[in-house]
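Close look at the chain arrangement
One letter stands for each residue in the lines below.
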Amino acid sequence: MGAGTDATTLHHALVSSLQLQVAAVFFASAACTLALAVLLGSMRLRPPWWCACAVCEAYLTASWTGEFDNLCDWFAHLLRRDPGRTVHVHVLGNVLTANPATVEHMLRGRFDNYPKGAPFSAILADFLGRGIFNVDGDAWLFQRKLAAAELAAPAIRAFAASVVASELRCRLIPLLHSASAGQTGEKLLDLQDVFRRFAFDCICRISFGLDPGCLELSLPMSAFADAFDTASMLSARRATAPMHVLWKLKRLLNIGDERELRDAIGLVDDLAAEVIRQRRKLGSATSGDDLLSRFMGSINDDKYLRDIVVSFMLAGRDTVASALTAFFLLLSDHPHVADAIRDEVSRVAGDGAEQRPTIAASDALKDMHYVHAALHECMRLFPPVQFDSKFAAGDDTLPDGTSVARGTRVTYHAYAMGRMESVWGPDCAEFHPERWLSGGRFVPESPYRYPVFQGGVRVCIGKELAIMEMKAAIVAVVQSFDVETVGRSSRRPKFAPGLTATFAGGVPVRVRQRCSPG
């Protein structure tokens, strides 16, 4: 009995001692915090990353939200106002530009001085790893050469066209038909989600040689898609932090956004691992001419393969879906453009094209100049990747006279450039496909005025494939359906954070099947 009493007494004593120690730690922490606050206040100091200029004050206090819905619109406003179309956001260590001469300087003239850079690669390392969009030097060149050789092959282009035609005929068009049939057009679809599924199916079949339906996953595909979106959003959010040490500390402690990011990336890893496993399982059962098989023939490191798979998913799913969603958002506000597309399809493809929604996957697609112009005009206003950053490897002076110190982040802002009167004229805010046509034929712009696909050495190697896929989808859908957005407008979009342009809350639409001419 006495021994039990002694043990209880000892337990209480230890608890009391521990409580006192914890209380002392909290008191000391509070006292230090108060002392620091008093010191800063008395010395009229601000944190070391603070900047008192108007731009940085507005960024840090988020006062810009009083006038603008999106950060990209505020940046576009600042760049329009600056004579050199270049602005320095000091708290981010970031020089922003919408000056075509500066874009050319970065992407061509001084390409070697403007790599992705270690700081930016670190931000995306957990998500993209050593994938092509997050590396420089030999690693970038190796992936680019292998992918470029594959994408340039006539066989892969023909295969890609057949995949897109199949996806349109067997999945996308029937889905839209079911949303309109028997519902008097009242069933709403999230068009952004629909195009993400379409683009994901296409990229899996073209790049990995797999139909997503064959993947043996522990969760529904929607869970992995959500995880991909979350990983993209939270990775992008890292780049907006004035002090990178904050997200690095949260990652170390596995708390807040960083814990959510780690969980999301875990699911992305599972998806990529299953893609690699299924590709190996198929082995010689298929031709092995897809991109992933080519990389697997040269790389034995599954982590490296995972990074390549995720990068191609990002490129093939998110950018294509973003552009297609924006296109139909614009089309809903500009129905005369849809009429012009139908006229061109009828003229180019001949009579009966209305009954063949996948005619666009044929060679006739190349002769549809108005469709080509409308798609480029859409991406001028709503580029799938709104900006791209590089880090200066050495001191430099930009063409507009801006001094750039070594290590400075320099960002060309494609979204802002599409809204520059100095670049596109007084009607720059208007959706006007005709600006790309001369004598009825499409005339391309300089990639430094229109850096949607980058330019110079880093120009997008999947550009032609992506354009084919998007034009085919546009023609097939516009021929067969009227798509009306509900509660959304291209004139005042709201974006969600992410590595690619994503419309917050999706894009709900009402689909109505068009009557075939009798």
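Preceding this section is the structure that the text describes.
I will try to describe carefully the structure that is included in this document. (Residues numbered from 1 in each chain as written. Predicted model: local features only at pLDDT ≥ 70, side-chain atom pairs only at ≥ 80, totals over all residues. Heavy atoms only, no water.)

Now for the sheet that holds strand β7 (residues 409–412). Spatial ordering of the open sheet is given by β1-β2-β7-β4, a layout of four strands whose pairing is mixed. Of all strands in the sheet, those bounded by a partner on one side alone are β1 (86–89) and β4 (388–391). When strand polarity is set aside, the average angle formed by the axes of neighbouring strands in this sheet is 25°. The pairing of β1 with strand β2 (residues 94–97) spans four bridges and is antiparallel. (Pairing = 2+ DSSP bridges. Helix = DSSP H or I, 4+ residues; strand = E, 2+ residues; numbered from the N terminus. Axes fitted to C-alpha atoms, helices over the stretch in contact; angles between N-to-C directions.)

Judged by which residues are buried, β7 turns out to be covered on both faces: Arg409 and Thr411 on one side and Val410 and Tyr412 on the other are all buried. Of the pairings in the sheet, the one linking β2 to β7 comprises four bridges and is parallel in character. If you follow Asn94 over to β7, its bridge partner there is Arg409. (Buried < 20%, exposed > 50% of the residue type's maximum accessible area, 1.4 Å probe, protein only.)

With that settled, consider the environment of Leu314. Of note, Leu314 is situated in helix α13 (residues 302–333). By relative accessible area, which is 8% here, Leu314 ends up buried. Other than its neighbours up to four places away in sequence, Leu314 contacts Leu128, Phe228, Thr319, Leu499 and Thr500. (Contact = heavy atoms within 4.5 Å.)

Glancing now at a nonpolar patch on the surface. Side chains of Leu249, Leu252, Leu253 and Ile255 sit close together on the surface and give an oily, nonpolar patch of about 410 Å² of accessible area. Of note, Leu253 is situated in helix α10 (residues 244–253). (Patch = residues over 30% accessible without salt bridge, like charges linked within 9 Å, V, L, I, M, F, W, Y side chains within 5 Å. Areas by Shrake-Rupley, 256 points an atom, 1.4 Å probe, with all protein chains shown as cover. Salt bridge = Lys/Arg side-chain N within 4 Å of Asp/Glu carboxyl O.)

Attention now goes to the packing of α13 against helix α15 (residues 369–381). Following both chains from N to C, one finds α13 and α15 inclined at 100°, their axes separated by 9 Å at the closest point. Looking at the two axes, α13 sits roughly perpendicular to α15. Facing Ala323, Ala326, Phe327 and Leu330 of α13, the residues of α15 in contact are Ala374, Leu375, Cys378, Met379 and Leu381. Of the residues belonging to the contact of α13 with α15, the class tally is nine nonpolar, no polar and no charged. (Parallel < 35°, antiparallel > 145°, perpendicular 65-115°, else oblique. Nonpolar A, V, L, I, M, F, W, Y, C, P; charged D, E, K, R; others polar.)

A few words now on the side chain of Ser232. The residue Ser232 is located in helix α9 (residues 221–238) in this model. Residue Ser232 is classed as buried on the basis of its relative accessible area, which comes to 4%. Among residues more than four places away in sequence, those in contact with Ser232 are Phe127, Gly498, Leu499 and Thr500.

To continue, consider the packing of helix α14 (residues 335–349) against helix α18 (residues 463–480). Two elements in contact, α14 and α18, have axes separated by 10 Å at closest approach and are oriented at 105°. Judged by the inter-axis angle, α14 sits roughly perpendicular to α18. Contacts between α14 and α18 involve Ala338, Ile341, Arg342 and Val345 from the first element and Ile474, Val475, Val478 and Gln479 from the second. A per-class count over the contact of α14 with α18 returns six nonpolar, one polar and one charged.

Between its first and last C-alpha atoms helix α11 (residues 256–282) spans 40 Å; for 27 residues at 1.5 Å apiece the expected length is 39 Å, and the two agree. Taken together, the buried positions of α11 are Glu258, Leu261, Ala264, Ile265, Val268, Leu271, Ala272, Glu274, Val275, Ile276, Gln278 and Arg279. Following α11 by one or two positions, Gly283 has its phi on the positive side, about 50°. (Expected span 1.5 Å × (residues − 1).)

Right, let's get into the nonpolar core. Trp74, Phe198, Phe328, Ile341 and Ile474 are the most contacted members of the largest nonpolar core, which has 106 residues in total. A total of eleven residues in this core trace back to one element, the largest contributor, which is α18. With residues near it in sequence (within four places) discarded, Ile341 still touches Phe327, Leu331, Tyr370, Val371, Ile474 and Val478. Core analysis: the second largest hydrophobic core is formed by 41 residues, Phe127, Phe224, Leu291 and Ile299 among them. (Core = buried A, V, L, I, M, F, W, Y, C linked by side-chain atoms within 4.5 Å.)

All right, on to the sheet that holds strand β10 (residues 481–485) then. Here three strands make up an open sheet; going across it, the order is β3-β13-β10 and the pairing antiparallel. Where the open sheet ends on each side, the last strands, each with one partner, are β3 (188–190) and β10. Across the sheet, the mean angle separating the axes of adjacent strands is 40° when strand polarity is ignored. Here three bridges tie β3 to strand β13 (residues 508–513), and the two strands are oriented antiparallel to one another. In the sheet register, Asp190 faces β13, and the bridge partner there is Pro508. This element, helix α8 (residues 191–207), spans β3, β10 and β13 of the sheet and lies at about 55° to β3.

None of the figures reported here should be taken as evidence of function without further support.
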